[in-house]
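So the chains spell out like this:
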Amino acid sequence: MFEAYVTNLGMYPERGAEVGEYLKFPTTPEEVRALFSRIGIDGKRYEEYFITDYDSDVPGLYDHLGEYESLDELNYLAHLLEEMSPDELEKLEAVMDAGEYTGSVKDLINLTQNLDCFEFYPEVENEEDLGRMYLLELDALQIPEYLVDYIDYEAYGRDVRINEGGHFAPGGYVFNNQGKFIEHYTGLDDIPEDYRISNVHTRDEKEETRSILATLKQFKEAPPVPHKDKAGPTHEER
């Protein structure tokens, strides 16, 4: 479904170049271990990776994937995408293009399981198409046949899009039907065991930030060091 260029984080500053390979998803623990071995992630000297590029069969997917994604989450997402039909994938692409639930891999995983919260009309490319579809195909209004050629379909379609908060994606028209979006996936613990592939982690930028802030706070709260007089003891001290 997609592939990610996995790079050895520790070697990057040492060599000034990427030491990595593309990993195809969905994948297996064996394939991940073999890739880590080839790029030098040994769990000792080199323990962390980051991702410098993506390529995907699902248009637009790589726009929502970052440098420090979990391989387990990516693998889970890939399995979910693999189970989707072509029509479901087309709908997913339209929703992603609209920017709905695309802020993280967690969002994308949940989105694949909540596509019923969206309506999608393939090949509806503009407001005129939308107006014609609603009036002539969905019978939104009863129109006498003699008036069919006199209707401003574009204006009607524009009103529909505004009222629905709809979006014209490359594949068609999509809008949120306000169905209940259920968060099936809340974090790494929810990943099925069969989809877990790695015990090596990407760099945790949030954890690093917290560690730095904690160190600074500790430094500020430390009691002042007594000042020592470099001139030597006073007459009384002698």
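Note: the structure precedes this text.
Quick notes on the rules
Residues numbered from 1 in each chain as written. Predicted model: local features only at pLDDT ≥ 70, side-chain atom pairs only at ≥ 80, totals over all residues. Heavy atoms only, no water. Phe/Tyr/Trp six-rings, centres within 6.5 Å; stacked < 30°, edge-to-face > 60°. Helix = DSSP H or I, 4+ residues; strand = E, 2+ residues; numbered from the N terminus. Buried < 20%, exposed > 50% of the residue type's maximum accessible area, 1.4 Å probe, protein only. Patch = residues over 30% accessible without salt bridge, like charges linked within 9 Å, V, L, I, M, F, W, Y side chains within 5 Å. Areas by Shrake-Rupley, 256 points an atom, 1.4 Å probe, with all protein chains shown as cover. Salt bridge = Lys/Arg side-chain N within 4 Å of Asp/Glu carboxyl O. Lys, Arg positive; Asp, Glu negative; His and termini not counted. Charge placed at Lys NZ, Arg CZ, Asp CG, Glu CD. 1 Å grid on protein atoms, 1.4 Å probe; cavity = no way out; pocket = protein on both sides within 12 Å on 5 of 7 lines; lining within 4 Å. Points joined across faces, edges and corners; volume = space filled by probe spheres on them. Nonpolar A, V, L, I, M, F, W, Y, C, P; charged D, E, K, R; others polar.

A.B. asks: I would appreciate a short explanation of the packing of aromatic side chains in the present structure.
C.D. replies: Taken as a whole and assessed by the stated rule, the structure comprises 12 aromatic pairs. Between Tyr76 and Tyr185, the aromatic rings sit 5.7 Å apart at their centres with planes inclined by 65 degrees, giving edge-to-face as the arrangement. Of the two residues, Tyr76 sits in helix α3 (residues 71-82) while Tyr185 sits in the loop between β6 (172-176) and α8 (205-221), which places them 109 residues apart along the sequence. Taken as a pair, Tyr76 and Tyr185 share a single burial class, namely buried. Site record: aromatic cluster; members linked through ring pairs are Tyr121, Tyr134, Phe168, Tyr173 and Phe175.

A.B. asks: Mind showing me how you'd approach a nonpolar patch on the surface here?
C.D. replies: Together, Tyr146, Leu147 and Tyr150 make up a nonpolar patch on the protein surface, roughly 420 Å² of accessible area in all. Note that Tyr150 resides in the loop between α6 (127-137) and α7 (153-164).

A.B. asks: Could you clarify how one ought to interpret a negative patch on the surface in this entry?
C.D. replies: Among the surface-exposed residues, Glu18, Asp53, Asp55 and Asp57 lie close enough to one another that they form a single negatively charged patch. Note on placement: Asp57 falls in the loop between β3 (49-56) and α3. Of the residues examined, Asp57 reaches a relative accessible area of 64% and is grouped as exposed.

A.B. asks: What is the right way to look at the environment of Asp194 in this model?
C.D. replies: By the element assignment, Asp194 lies in the loop between β6 and α8. With relative accessibility at 69%, the residue Asp194 sits in the exposed group. Residues Asp194 and Tyr76, spaced 118 residues apart in sequence, show a C-alpha to C-alpha distance of 9.2 Å.

A.B. asks: Mind showing me how you'd approach the layout of surface pockets here?
C.D. replies: Take a probe with the size of a water molecule and roll it over the atoms, and the empty space left behind shows itself. Taken as a whole, the second largest pocket encloses approximately 170 Å³ of empty space. Lining the second largest pocket we find Pro59, Gly60, Asp63, His64, Glu90, Glu93, Ala94, Met96, Asp97, Ala169, Pro170 and Gly171. Broken down by element, the lining of the second largest pocket gets its largest block of residues, 5 residues, from helix α4 (residues 86-98). Looking at side-chain class alone, the lining of the second largest pocket contains 5 nonpolar, 3 polar and 4 charged residues.

A.B. asks: Looking at this structure, I do not really get the pattern of salt bridges. What am I missing?
C.D. replies: Once the charged atoms of two side chains with opposite charge are near each other, the side chains can pair. Here the structure, examined in full by the defined rule, presents 7 salt bridges. The residue Arg33 makes a salt bridge to Glu30 at a minimum N-O spacing of 3.6 Å. In this pair, Arg33 and Glu30 are both assigned in helix α2 (residues 29-39), 3 residues apart and thus about one turn of the helix distant. Given a relative accessible area of 52%, Arg33 falls into the exposed group.

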